[in-house]
Amino acid sequence: SAKELGITVGTYDSGQDVSSTDRLALLADLQDAFAVDDQILLHLQPAVDLVTAEPTGVEALVRWRHPRRGHLSPGEFLPLVERSELLIPFTRRVLDLALASAADWTASGIEVPVSVNVSARSLTDPTFPAQVTEALRRHRTPASRLVLEITESVAVSEQDIVDEVLARLRASGVQVSLDDFGTGFSSLSSVTRMPVDEIKIDRSFVDEMIDSAAAGAVVRGAVELGARLGVRVVAEGIETIEQRAALIALGCPSAQGYHFCKPMPADKIVQALSQLARSAPANVTQLRTDE
Ligand code: C2E
Ligand code: MG
Ligand code: MG
Ligand code: MG
């Protein structure tokens, strides 16, 4: 909202929507952001093996370095992108940045996939699979190195076209991850309807699992579901060592969160991945004696 962005609006006619004025200004700026290098950038966050801390993947999280408003987080501008014709060039930019970064860590011998978040609207765009394939070709990257994260809410709207787009993506070798698992209207039905390669347990359950038996049960259920379906499971938003121990006790294989690594600029990620890989043994000993 305008308030969150720290924008002051002097006077306005009654009936005029302040935030829509603001949205227009931001949309114009966004058009410029594509013309100028470096305004749209990625922060990257590793997902790791919960026991060894070894990297299992890296998620790309978009940022907008606005010339006057500073760093904007996705929540502040994505809704705008998604409602404009900028979505296609935006998605192209994010894929290019993510695949370019993946080439960096591959060159350093760390062969984990890169995860890119996909807007609901892209999944109803019949040209989206070709956009992805072309990005992979531009970067000479095998499709299996790319994970597309989708949220469950997209899975219920316009089901047929979404199913078709996802089927084509998976047929091309791209992996699909169900993001924010447990928060959608139809968590379980989306898993039965479309084959996925990964489930990401929403941060809200990880947050509450220590205090709430119900949240713990959801985590346990998701872990068991993943094991039965042969689907990778990642817990989101792990911040404490207590959460780490609890997740290990429930058999959760991997996690992503501040406890291991905060999202960071692309030029820091290779070093962070190497450090995580090296830090593994000490962490394991500590956790095993705590259990
Ligand atoms: P998400 O995909 O569920 O990403 C996880 C969010 O949790 C990220 O917020 C990340 O910075 C934050 N996070 C990670 N670890 C922790 C932790 O330990 N504690 C807490 N409190 N937060 C943690 P961010 O970067 O603000 O992104 C928000 C959402 O915006 C993402 O949620 C994703 O749905 C969307 N998004 C991000 N990048 C893109 C993109 O390139 N395209 C699209 N369509 N959506 C994106
Ligand atoms: Mg995500
Ligand atoms: Mg998520
Ligand atoms: Mg989330």
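Below: a short report on this structure. Treat the numbers as computed from the prediction; the structure is a model and nothing was measured.

About the thresholds
- Residues numbered from 1 in each chain as written.
- Chains lettered and ligands numbered in written order.
- Predicted model: local features only at pLDDT ≥ 70, side-chain atom pairs only at ≥ 80, totals over all residues.
- Heavy atoms only, no water.
- Axes fitted to C-alpha atoms, helices over the stretch in contact; angles between N-to-C directions.
- Helix = DSSP H or I, 4+ residues; strand = E, 2+ residues; numbered from the N terminus.
- Parallel < 35°, antiparallel > 145°, perpendicular 65-115°, else oblique.
- Left-handed = near helix turned anticlockwise from the far one by under 90°.
- Contact = heavy atoms within 4.5 Å.
- Nonpolar A, V, L, I, M, F, W, Y, C, P; charged D, E, K, R; others polar.
- Donors = N, O, S within 2.8 Å, 3.2 Å for Na, K, Ca; no water.
- Buried < 20%, exposed > 50% of the residue type's maximum accessible area, 1.4 Å probe, protein only.
- Pairing = 2+ DSSP bridges.
- Core = buried A, V, L, I, M, F, W, Y, C linked by side-chain atoms within 4.5 Å.
- 1 Å grid on protein atoms, 1.4 Å probe; cavity = no way out; pocket = protein on both sides within 12 Å on 5 of 7 lines; lining within 4 Å.
- Points joined across faces, edges and corners; volume = space filled by probe spheres on them.
- Near = heavy atom within 4 Å.
- Polar contact = N/O pair within 3.5 Å; in protein donor to acceptor, adjacent residues only side chain to side chain.
- Areas by Shrake-Rupley, 256 points an atom, 1.4 Å probe, with all protein chains shown as cover.
- Sits in = over half its atoms within 2 Å of the grid points.
- Arc of directions from axis to C-beta.

Between two packed helices, both the angle of their axes relative to each other and the distance between the axes serve to describe the pair. For the pair helix H4 (residues 128-138) and helix H6 (residues 159-171), the least separation of the axes is 9 Å and the interaxial angle reads 25 degrees. Put simply, H4 runs roughly parallel to H6. In the crossing of H4 with H6, the sense of the turn from one axis to the other is right-handed. Seen from H4, the contacting residues are Phe128, Pro129 and Val132; seen from H6, they are Val165, Arg168 and Leu169. When grouped by side-chain class, the residues that make up the contact of H4 with H6 number 5 nonpolar, no polar and 1 charged.

With respect to the element layout, serine 115 can be found in strand S4 (residues 114-117). In this structure, serine 115 is in contact with Val58, Glu59, Ala60, Val147 and Glu149, ignoring residues within four places of it in sequence.

This paragraph deals with the coordination of the magnesium ion (ligand 3). Asp179 (OD), Asp180 (OD) and Glu236 (OE) make up the full set of protein donors to the magnesium ion (ligand 3), lying at 1.7 to 2.4 Å. Ordering the donors of the magnesium ion (ligand 3) by residue number gives the pattern D-D-x55-E. Judged by relative accessible area, aspartate 180 falls into the partly exposed class, the value being 23%. Judged by relative accessible area, glutamate 236 falls into the buried class, the value being 12%.

Quick look at the pairing of strand S6 (residues 175-181) now. Of all 7 residues in S6, 6 are buried; the element is thus mostly enclosed. Note that strand S5 (residues 146-151) and S6 share 5 bridges and pair parallel. If you follow glutamate 149 over to S6, its bridge partner there is serine 177.

The next point concerns the nonpolar core. Counting residues in hydrophobic clusters, the biggest one holds 75 residues, and the most contacted among them are Trp105, Val132, Leu146, Leu148 and Leu247. With 8 residues, the top contributor of residues to this core is helix H3 (residues 87-107). Setting aside anything within four residues of it in sequence, one finds tryptophan 105 in contact with Leu44, Val58, Ile110, Val112, Pro113, Val114, Arg145, Ile269, Val270 and Leu273.

Time to look at the layout of surface pockets. What the largest pocket holds in volume is close to 870 Å³. Around the largest pocket sit 37 residues that line it, and Glu59, Leu61, Asn117, Asp179 and Glu236 are the ones nearest its centre. Listed by contribution, the elements that provide at least two residues to the lining of the largest pocket are strand S2 (55-66), helix H2 (74-82), H3, S4, S5, S6 and helix H8 (203-208). In terms of residue class, the lining of the largest pocket is made up of 16 nonpolar, 10 polar and 11 charged.

Neighbouring residues of ligand 1: 22 residues in total, closest Arg63, Asn117, Asp179, Glu239 and Tyr258. In this structure, an oxygen atom belonging to ligand 1 sits 3.0 Å away from a side-chain N or O atom of glutamate 236. In isolation ligand 1 has 800 Å² of accessible area, and contact with the protein removes 81% of it. More than half of the atoms belonging to ligand 1 lie within 2 Å of the grid points that define the largest pocket. Elements that contribute at least two residues to the shell around ligand 1 include exactly S2, H2 and S6. In terms of residue class, the shell around ligand 1 is made up of 9 nonpolar, 5 polar and 8 charged.

What follows is about H4. Taken together, the buried positions of H4 are Phe128, Pro129, Gln131, Val132, Ala135 and Leu136. Taken down its axis, H4 places every buried residue within 160 degrees of arc, on the same side. In this structure, the buried residues of H4 make contact with H3, S5 and H6. Of the residues one or two after H4, arginine 140 is the one with positive phi, at around 50 degrees.

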